Every structure is written in C-alpha cells, then in structure tokens.
Amino acid sequence: MGATMGELTTSDGVRLTYRDSGGDGVPLLMLHGWGQTQEMFRHQASGLGSGRRVVTLDLRGHGTSEKPHHGYRIARLARDVLDLVDHLELARFDALGWSMGVSVWWSFIDQWGTGRIRRFVAVDQPAAVAAVPWMSVEEQRDCGAIFDVAGLLDLAAGLAGPDGEHVRWQFVRGMFSGTPDPDLLAFVAEQIRSTPPYAGVPLLFDHCAQDWRDVLPRVDVPTLVIACDGSHVAPASQRYIADRVRGARLHVFPATVASSHFPFLESPAAFNAVVDAFLSEQP
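Quantities reported herein were computed from a predicted structural model and do not represent experimental measurements. (Residues numbered from 1 in each chain as written. Predicted model: local features only at pLDDT ≥ 70, side-chain atom pairs only at ≥ 80, totals over all residues. Heavy atoms only, no water.)

Enquirer: Help me out: how do you make sense of the overall build of the chain in this one?
Expert: Within the chain, the regular secondary structure consists of 10 helices and 10 strands. Against the globule reference of 19 Å for 283 residues, the chain gives a C-alpha radius of gyration of 17 Å, in line with a compact fold. Overall, the chain is about 45 × 40 × 40 Å in size when its C-alpha atoms are taken along their principal axes. The buried share among the 283 residues of the chain stands at 57%. Sequence separation of at least 24 residues holds for 72% of the intrachain contacts in the chain that already meet a minimum separation of 6. In the form shown here, the chain has an accessible surface area of approximately 11400 Å², with 51% of it arising from carbon and sulfur atoms. (Helix = DSSP H or I, 4+ residues; strand = E, 2+ residues; numbered from the N terminus. Rg over C-alpha atoms; globule rule 2.2 N^0.38 Å. Buried < 20%, exposed > 50% of the residue type's maximum accessible area, 1.4 Å probe, protein only. Contact = heavy atoms within 4.5 Å. Areas by Shrake-Rupley, 256 points an atom, 1.4 Å probe, with all protein chains shown as cover.)

In structure tokens form, the structure reads like this:
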C-alpha cells in the first residue's frame, strides 16, 4: 500500500498494527470486516485522491495485530479504535466501515458521539444481522437480517468445529454471486485464515447479536451508504439505513460493477471515485 506501518497498545494492553499513508487534509480511517484485514483496502491508500491521508487498522484478533484471549466484542473493538484515534491525535477525521467495520463505527458513535467525525461512509452492513424472535417479519426483512438464531448458532458451531476451515471457505464463497475471479476469491479466503476460531467465533456471535437500528437516527454527520446488487447483503437493507440517517444518500453498485461483498477489491476505480467524490464535497 506504500504506507507507513505503525503499532499501538490499547488501553487493555493489546498490540495493534495500522498503516498510515500520510498526506494532508482530513484523515480517512477505514475499518475492515469480520475475519478480514486491512489488506482489504490495498487499492485505497493511493487511490482515494492525490494526497489524501488514509489510515487502516488490523482489528484485534485479525491480520498482524495481536490475538489475545479476551476482548472479542464490538464495544471493545470500538474502544480500540478510540485508542488509535487518540494515539494518532486525530481531532477530526472521516470514518469508513465495511461489513462488521460499520458496526464498530456504530458502536463508536453510540458511546462517544460524532464530535470528531466529519463524514461517514457505511459499506454493505445490515442494521441487524440476526432475525431475533421479537422482531416482526417485516422488521427482519427491512433491517436486512441474514441469519435466524438457529442458523447463527449452526455457523458458529461449524466455525469452531473440526471442519472449521471448510465452513470458513463456504462462508467466504457465499459473499460472491456468479463466478468470482479465482485470484480475488483466493485472496479473501487467505486473509480470513489469520483470525483463529477462539477469536473469530465469539466476535461473530457478538457482532450478529447487535441491533443498531436505534443508533441510525443519531448519526448526525454527512453519510454515504454503499450497497452492491451482487452482494449477499440485500440492497434494500442499505436503503433502509439511508432512509433513517438524516440526510444520508445511497449508492448502489450494479452487479456488473460489484458482484460481491467486496466492491473496493472487485472494482477499486469505481469504488474510489464514489467515495472520493463524497469526501471531497464542500460543506
């Protein structure tokens, strides 16, 4: 990515690695999804406009960051991000999350507000992942729930079990529609192997148990929601989010541009153009 590698130690003593591209202007802090790494954003450090400062992070338990036996909750990951923001002394920054990374930002906003966030980009993450019994069928559909509770438990058990590697492969494959580029599929599948089951399984369960619908009306900064027609995340769920964040806009990549959950990898030029245009807008 052509960026400077850095490390910080979180408030509970965990070593995290990050990359900082340098540059002037408002920094953009990008958070990856479950089981993935900051390598997901390998096309964004130099691709999001000349001179833009891009910061990426391997969340705890992921990539080259430390993999302790504690702290695998979305709220703790949000605190880790606050530790990074303080470590870099970012008084004002833009925030982008993809998949679970969006949930981490929603938790950050829920706990500490938007006072340091200038603009927010949410990429392909439902407001609630699990269709819990106390939701109506309409609520389950609107929020984009992917699993019912039994399905979530089965997935977690499979990931933790003896066939975990095969289950991980199937999970990754399900994020692509049609016939994916074999190199791209292999890259994503390789990245997910960096998260051990003792970290990934409890984090996935905690992630999927969250319901962020009450946070959406409290996101009070300019927001762009990005969806993909070819993703396993229903675009209608992203429209639901955009409708509930005041003034938010929605961009849907057609399947011809992004036939997966990974638009920044599959079509980096198109993804970068949309994000850069949004971040470059004058207030």
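Enquirer: So what exactly am I meant to see when it comes to the nonpolar core here?
Expert: The nonpolar side chains of soluble globular proteins are, as a tendency, buried together. In terms of nonpolar packing, the biggest core is built from 93 residues, with Val81 and Trp105 touching the most fellow members. Those residues in contact with tryptophan 105 that sit more than four places away from it in its chain are Leu29, Leu31, Val81, Phe93, Ala95, Leu96, Gly97, Ile117 and Phe120. (Core = buried A, V, L, I, M, F, W, Y, C linked by side-chain atoms within 4.5 Å.)

Enquirer: I would appreciate a short explanation of helix 8 (residues 235-244) in the present structure.
Expert: For helix 8, the set of buried residues is Pro235, Ser237, Gln238, Tyr240, Ile241 and Ala242. Among the structural elements, helix 2 (100-112), helix 3 (137-143), strand 9 (223-228) and strand 10 (249-253) are those in contact with the buried residues of helix 8.

Enquirer: What is the right way to look at the packing of aromatic side chains in this model?
Expert: The description of two aromatic rings rests on the distance between their centres and on the angle between their planes. A full pass over the atoms with the stated rule returns 13 aromatic pairs. Arranged with centres 5.1 Å apart and planes meeting at 25 degrees, the rings of phenylalanine 176 and phenylalanine 262 form a pair that is stacked. Here phenylalanine 176, found in the loop between helix 5 (164-173) and helix 6 (182-192), pairs with phenylalanine 262, found in the loop between strand 10 and helix 9 (263-266); they are 86 residues apart in sequence, far enough to count as distant. Note on phenylalanine 262: relative accessible area 0%, which makes it buried. Residues phenylalanine 262 and phenylalanine 264 carry aromatic rings whose centres are separated by 6.4 Å and whose planes lie at 80 degrees to one another, so their mutual orientation is edge-to-face. Exposure remark for phenylalanine 264: the relative accessible area of 0% places this residue in the buried category. Among the aromatic side chains, those forming a connected cluster through ring pairs are Phe41, Trp98, Phe176, Phe253, Phe262, Phe264 and Phe271. (Phe/Tyr/Trp six-rings, centres within 6.5 Å; stacked < 30°, edge-to-face > 60°.)

Enquirer: Would you take a moment to explain the layout of surface pockets for this structure?
Expert: The computed volume of the largest pocket comes to approximately 280 Å³. For the largest pocket, the lining is made up of 23 residues, of which Ile146, Phe147, Phe171, Met175 and His232 are closest to its centre. Mapped by element, the contributors of at least two residues to the lining of the largest pocket are helix 5 and helix 7 (197-209). A class-by-class count of the residues in the lining of the largest pocket yields 13 nonpolar, nine polar and one charged. (1 Å grid on protein atoms, 1.4 Å probe; cavity = no way out; pocket = protein on both sides within 12 Å on 5 of 7 lines; lining within 4 Å. Points joined across faces, edges and corners; volume = space filled by probe spheres on them. Nonpolar A, V, L, I, M, F, W, Y, C, P; charged D, E, K, R; others polar.)

Enquirer: Is there a simple way to think about helix 1 (residues 74-87) in this case?
Expert: An α-helical segment advances 3.6 residues per turn. Residues three or four places apart therefore align on the same side. Its 14 residues place the ends of helix 1 20 Å apart at the C-alpha level, agreeing with the 20 Å of an ideal helix rising 1.5 Å per residue. Of all 14 residues in helix 1, 10 are buried, a share of seventy percent or more. Along helix 1, the residues classified as buried are Ile74, Arg76, Leu77, Ala78, Asp80, Val81, Leu82, Asp83, Leu84 and Val85. Phi turns positive one or two residues past the end of helix 1, at glutamate 89, with a value near 55 degrees. (Expected span 1.5 Å × (residues − 1).)

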